[in-house]
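An overview of the molecular structure
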Amino acid sequence: MCQQIRDVRSVKKVIYFCPGTGNVPIDQTKIATEFPELRIFSDGQEIEFLYQIPTADSVYVELGAYLELDSVSKILDHLTYHAIAVIPPELKNSEYDSWANEIIYGAPAPMIIGENLWRVATTGQVIDENSLDEFWYEITHGAYGIVTRAKAIFDVNDGRSLYCDFVNGVPQINFLELDLPRHLQGRPQRFSGIEIVGKNLDEAALKSTLSDCCLSESLIFQYQQQVQQILLEGQQL
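Every value quoted in this text rests on a predicted model; they were computed, and no experiment measured them.

1. Topic: a nonpolar patch on the surface
A cluster of nonpolar residues, Ile 84, Val 86 and Ile 104, forms a patch on the protein surface that exposes about 260 Å² of accessible area. By the secondary structure assignment, Ile 84 is in strand E4 (residues 84–87).

2. Here we look at the sheet that holds strand E10 (residues 193–199)
Read across the sheet, five strands follow the order E6-E10-E7-E8-E9 without closing on themselves; strand pairing throughout is antiparallel. Whereas interior strands pair on both sides, the edge strands pair on one side only; in this sheet they are strand E6 (116–121) and strand E9 (176–177). When E6 meets E10, the two strands line up antiparallel, connected through six bridges. Counted as the bridge partner of Asn 116 is Gly 198 from E10. Packing of helix H7 (residues 203–213) onto the sheet brings it into contact with E6, strand E7 (146–155) and E10, and relative to E6 it is tilted by some 25 degrees.

3. Comments concerning the packing of aromatic side chains
Inspection of the entire model under this criterion finds four aromatic pairs. Taking 6.2 Å as the distance between ring centres and 85 degrees as the angle between the ring planes, the aromatic pair formed by Trp 136 and Phe 175 counts as edge-to-face. Of the two residues, Trp 136 sits in helix H6 (residues 129–140) while Phe 175 sits in the loop between strand E8 (161–167) and E9, which places them 39 residues apart along the sequence. Put simply, the rings of Phe 17, Phe 41 and Phe 49 pair up and form one aromatic cluster. In this arrangement the basic side chain of Lys 92 is found over the ring face of Tyr 105, its NZ or CZ atom lying 4.4 Å from the centre.

4. Some points on the side chain of Asp 155
Here Asp 155 is to be found in strand E7. Engagement of the side chain of Asp 155 in a polar contact is seen with the side chain of Arg 190, the distance being 2.8 Å. Those residues in contact with Asp 155, other than ones at most four positions away along the chain, are Gln 125, Val 126, Ile 127, Arg 160, Ser 161, Pro 188, Arg 190, Phe 191 and Ser 192.

5. Some points on helix H2 (residues 26–34)
By the criterion of burial, H2 is predominantly enclosed, with seven of the nine residues buried. Burial in H2 covers these residues: Ile 26, Asp 27, Gln 28, Thr 29, Lys 30, Ile 31 and Thr 33.

6. A look at the nonpolar core
The nonpolar side chains of a soluble globular protein tend to be buried, and buried together. Membership of the largest hydrophobic core comes to 21 residues, with the highest contact counts inside it found for Phe 135, Trp 136, Ile 139, Phe 154, Ile 194 and Ile 196. Secondary-structure elements contributing two or more residues to this core are H6, E7, E8, E10 and H7. Judged by nonpolar contacts, the second largest core, of ten residues, contains Cys 2, Val 14, Leu 38 and Tyr 60.

7. Some points on unusual backbone geometry
Look at Asn 93: it is not a glycine, yet its phi comes out positive at around 55 degrees. Note on placement: Asn 93 falls in the loop between E4 and helix H5 (96–99). Of note, Asn 200 is a non-glycine position whose phi angle comes to about 55 degrees, a positive value. Relative to the helices and strands, Asn 200 is located in the loop between E10 and H7.

Criteria and cut-off values
Residues numbered from 1 in each chain as written. Predicted model: local features only at pLDDT ≥ 70, side-chain atom pairs only at ≥ 80, totals over all residues. Heavy atoms only, no water. Patch = residues over 30% accessible without salt bridge, like charges linked within 9 Å, V, L, I, M, F, W, Y side chains within 5 Å. Areas by Shrake-Rupley, 256 points an atom, 1.4 Å probe, with all protein chains shown as cover. Salt bridge = Lys/Arg side-chain N within 4 Å of Asp/Glu carboxyl O. Helix = DSSP H or I, 4+ residues; strand = E, 2+ residues; numbered from the N terminus. Pairing = 2+ DSSP bridges. Contact = heavy atoms within 4.5 Å. Axes fitted to C-alpha atoms, helices over the stretch in contact; angles between N-to-C directions. Phe/Tyr/Trp six-rings, centres within 6.5 Å; stacked < 30°, edge-to-face > 60°. Lys NZ or Arg CZ within 6 Å of the ring centre and 35° of its normal. Polar contact = N/O pair within 3.5 Å; in protein donor to acceptor, adjacent residues only side chain to side chain. Buried < 20%, exposed > 50% of the residue type's maximum accessible area, 1.4 Å probe, protein only. Core = buried A, V, L, I, M, F, W, Y, C linked by side-chain atoms within 4.5 Å.

Below is the structure:
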């Protein structure tokens, strides 16, 4: 979807809607950093989204695999749209065949029956980056259950906002620094959070480990003072 949006000459008349994410809008936040002029809508903004459709040049609606396929038809009612399903190559004769106008075979991620979804918003928290490295390794190597998909945005101790992304069966990529200013004054109020899809997830252990990665008030202050001093010395050189 980002590839499609990048090809648009101007995104000022492009709108994006991703329902079903609740208070953990990871995709919306990441897309907003890449396309600041894009108009983005989330849960609770359905009426405003529908009102903007007639004036938009392009409209993108993204549905997570955990949503019912008729969710988009309920939202868009009698409007005409082109339904595209991005699915693993091994998924044959599925409900997507009759639902989609077009099927694109994407990453060879394994399909697991009975997947569950774990989401936590961490807005206001600062994560120790070294601890995050270890936590993410554990997530992606089965320490908390079978994980097929994991994504997160975290504020770390040097003030950066990092995007973490994992798809089972796809080579892992390094954390991506989002194009946001460093936050070096107290607890950040911009969004951060994590979403994991998998099977037999140990949610209690996930929550406990994530909590252990979060820095205390005093440590946040200490790190922010250190980074500010380093940046100031760099400006003086």
